[in-house]
Amino acid sequence: MNTSTLDALRQALPGLKLLSEPADLEHYGRDWTRRWTPAPLAIALPATAEEIQAVVRWANLHGVAIVPSGGRTGLSGGAVAANGELVVSLERMNRVVGFDAVDRTLTVQPGIALEAVHNAARERGLIYPVDFGARGSCQIGGNIATNAGGIRVIRYGNTRNWIAGLDVITGSGERLSLNRGLIKNATGYDLRHLFIGSEGTLGIVVEATLALTDAPPPSQVLLFAVPHMDALMQVFGACRSRLTLSAFEFFTDRALHHVVAHGAQNPFAGISPYYVVTEFDAEQEAQQTEALAVFEYCLERGWVTDGVIAQSEAQAKSLWRLREGITESLAPHKPYKNDISVRIAAVPGFLHDMQALLSREYPDFDVVWFGHIGDGNLHINIVKPDGYDYAAFIAECERVTERLCEVLQVHGGSISAEHGIGLVKKPYLGSARSAEEIALMRGIRTVFDPNGIMNPGKLF
Ligand code: 2HG
Ligand code: ZN
C-alpha cells in the first residue's frame, strides 16, 4: 500500500472525509479487545451510501482491504484494523431517515447509536426492544453485523428478529435493497439474513429498516442471592413459570467484587456465591404479589437466601448496574473473554462440566462468570494475575479454550453466542460449525465479495 493509492481515492472522491493522523489510526483501528496494535492505512468517514459504494469500488480496483467500523464496542476483534486496511467508519451516517406508523418501522442510517434508536422509537410511542450495556456507544450497523443479543433476548430475541429491511453495498460494490420492510416475502433466499451476523465480510449496511413494537407494561427488578450453582436454573424455572420475564441474568461473587470495586452498591449485608437479576411485568398488584410468592417459594426450597425488589426507578438502575457494569469494571484488567451458549435445557449439565474444567485448568486465575443464563448464554472472563506476562496469559487461556470447545461440543453448544467470531474466536469456529458449513460460508462470501476485500481475516 502506498500514498498514491490513497491519492487515487482522494481524486475519485474529493468530498470524502479521510483521516490519517496517528491518533485517528489508533482510535478507529481497534475495538474493545485491546489485544492488537492498530495499523490501518487511513480512516474514511463517508456521509452517503454513494460515497461508500465509490470507496468499495476503489478498494476493489486497488486491492485494498476494508474494515467496516461502528461503535467498536465489539469484544471479538471483528472491527480491528491491524494490517493496512481502510477503516470505513459509519459514524457520520447516524440519522433517522424514516418512520412508518402503519408498518411500525423506523428506517435509520447504520451509524446511529442503539440508544438513539431507543429514543427515536420512544418518541414515536413504540420501542426497539434489543438492548444491552453498550447501548450508548454501539451502532446499529455493528449490532446487525454481529446479530447482537443482550439482556432482553429472553423476551424479544436477537437483532435478527427486528430487521425488516436492509440496504447494503456488497463487497463487489453493488447496492442491494433486501426485503424492503415486507412481513411476508416468499421469493427465494432471504439475503437480508445472510448479512445479519456476517461480521462485515459480505459488505456494508448503508440503511436499515427496524421493526418496532409496543412498549411493555411497567416492570419491576428483583435481585436474588443464590447459594449454589444448581439453584440458578431452579430459580429460573420458578420465575419463568409464574412471571412474565423480560430479563433473567446472573453473576457470581467474583463479578460482584469487581463491579462493587468500580462503584456499584451491594444491597445485601453479606456475599453470596451467585446472584440473579430478573425483570418482569408488574403493572398490577397481583403480579407483584406473585413475585413475592415466587421469592417465598424459592426461599423455602433453599434456592435463594435473600432478595431485594427495586422500590424506585433509581434502585432498579442500581440493581441493573451490578450486572451491566461488570464488563466496564473488568476492562482495565484486559480480561480474556468467553461468550458461550448451550440450549437452555442443557445449561445445568453444562455448568457442572464447565465448572470442573475451569477449576482444574485455571486454579490460580480469577474466573468471573456472568451473563444471560435465561438464554443459555454465559460470559466467562478470565482476569490476568498481576505480574503475569500478557502473551503467556493469552496462550494459557487459548489452551483452555480448546478444552472448553470439547465440553461445548458434548453439550451441543457454541463458542460464540452473541459477540461474534472476529479474530478472537477464529481458531475455534470449527468446534461449532462443520467443515461443510464453513466451506459453504466461504463460498457465499466469494459470491458477495469476489476479491476478498471485506474485513479479511475475520471469521475465517
Ligand atoms: C454483556 O452481556 C456483554 O455484558 C459483555 O455481552 C460480556 O464482557 C463480557 O464478557
Ligand atoms: Zn452479553
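Check the entry above for the structure.
Sequence order as written defines residue numbering, which begins from 1 separately in each chain. As they are written, the chains are lettered A onward and the ligands numbered 1 onward, keeping that order. pLDDT decides what is reported in this predicted model: residues at 70 or higher carry local features, side-chain atom pairs at 80 or more are listed and counted, and totals for whole chains, interfaces and linings draw on all residues regardless. Remark: hydrogens and water are excluded; side-chain values derive from all non-hydrogen atoms of the structure.

**Quick look at helix H10 (residues 285-300)**
Secondary structure counts use DSSP, requiring at least four H or I residues in a row for a helix and at least two E residues in a row for a strand, with both numbered from the N terminus. For a helix, the expected span equals 1.5 Å multiplied by the residue count minus one. Counted at 1.5 Å a residue, the expected span for H10 with its 16 residues is 22 Å, and the 23 Å between its end C-alpha atoms agrees. When we look at burial in H10, the residues that qualify are Ala291, Val294, Phe295 and Cys298. End-on, the buried residues of H10 take up no more than an arc of 100°, which puts them together on one face. Pointing more than 90 degrees away from the buried face of H10 are the exposed residues Glu285, Ala286 and Glu300. Contact definition: two residues touch when any of their heavy atoms are within 4.5 Å. Residues of H10 that are buried sit in contact with strand E10 (219-226), helix H8 (229-242), strand E12 (274-281) and strand E13 (306-309). Downstream of H10 by one or two residues, Gly302 has phi in the positive range, about 75°. Working definition: with a 1.4 Å probe on protein chains only, accessible area under 20% of the residue-type maximum means buried, over 50% means exposed, and in between means partly exposed. The arc in question is the one traced by the directions running from the helix axis out to the C-beta atoms.

**Description of helix H9 (residues 253-261)**
Restricting attention to buried positions, one finds in H9 the residues Ala255, Leu256, His258 and Val259. Angularly, the buried residues of H9 cover 165° about the axis, an arc narrow enough to put them on a single face. Buried residues in H9 make contact with strand E11 (245-252), E12, helix H11 (313-324), helix H12 (326-330), strand E15 (366-372) and strand E16 (377-383). Positive backbone phi, at 115°, marks Gly263, one or two positions downstream of H9.

**Some points on the side chain of Ser272**
As for its placement among the helices and strands, Ser272 is situated in the loop between H9 and E12. By relative accessible area, which is 7% here, Ser272 ends up buried.

**Focus on the environment of Asp214**
Structurally, the position occupied by Asp214 is in the loop between strand E9 (203-211) and E10. Sequence separation of Asp214 and Ala82 is 132 residues, and the distance between their C-alpha atoms is 43 Å. Once residues lying within four places of it in the same chain are set aside, the contact partners of Asp214 are Arg104, Leu126 and Ile127. Counted as a polar contact is a pair of N or O atoms within 3.5 Å, where, for protein atoms, one must be capable of donating a hydrogen and the other of accepting one, and residues adjacent in sequence contribute only when both atoms are in side chains. Here Arg104 takes part through its side chain, which lies 2.8 Å from a polar atom of the side chain of Asp214.

**Quick notes on unusual backbone geometry**
Here the phi dihedral of Arg180 falls at roughly 50°; this positive angle occurs in a residue that is not glycine. Classification of Arg180 as exposed rests on a relative accessible area of 61%. Positive phi outside glycine occurs at Asn455, with the angle close to 45°. Along the chain, Asn455 falls in the segment after helix H16 (435-448). The buried category is assigned to Asn455, whose relative accessible area is 2%.

**Some words on the coordination of the zinc ion (ligand 2)**
The protein atoms that coordinate the zinc ion (ligand 2) are His372 (NE2), His379 (NE2) and Glu418 (OE), at distances spanning 1.8 to 2.1 Å. The sequence pattern describing where the donors of the zinc ion (ligand 2) fall on their chain is H-x6-H-x38-E. Of this pair, His379 sits in strand E16 while Glu418 sits in the loop between helix H14 (390-410) and helix H15 (429-432); the two residues are 39 residues apart in sequence, bridging distant segments of the chain. Residue class for His379 comes out buried when judged on its relative accessible area of 4%. Here Glu418 falls in the buried class, since its relative accessible area comes to 11%. Coordination here is defined by N, O and S atoms within 2.8 Å of the metal (3.2 Å for Na, K and Ca), and since water is not considered, a site can look incomplete.

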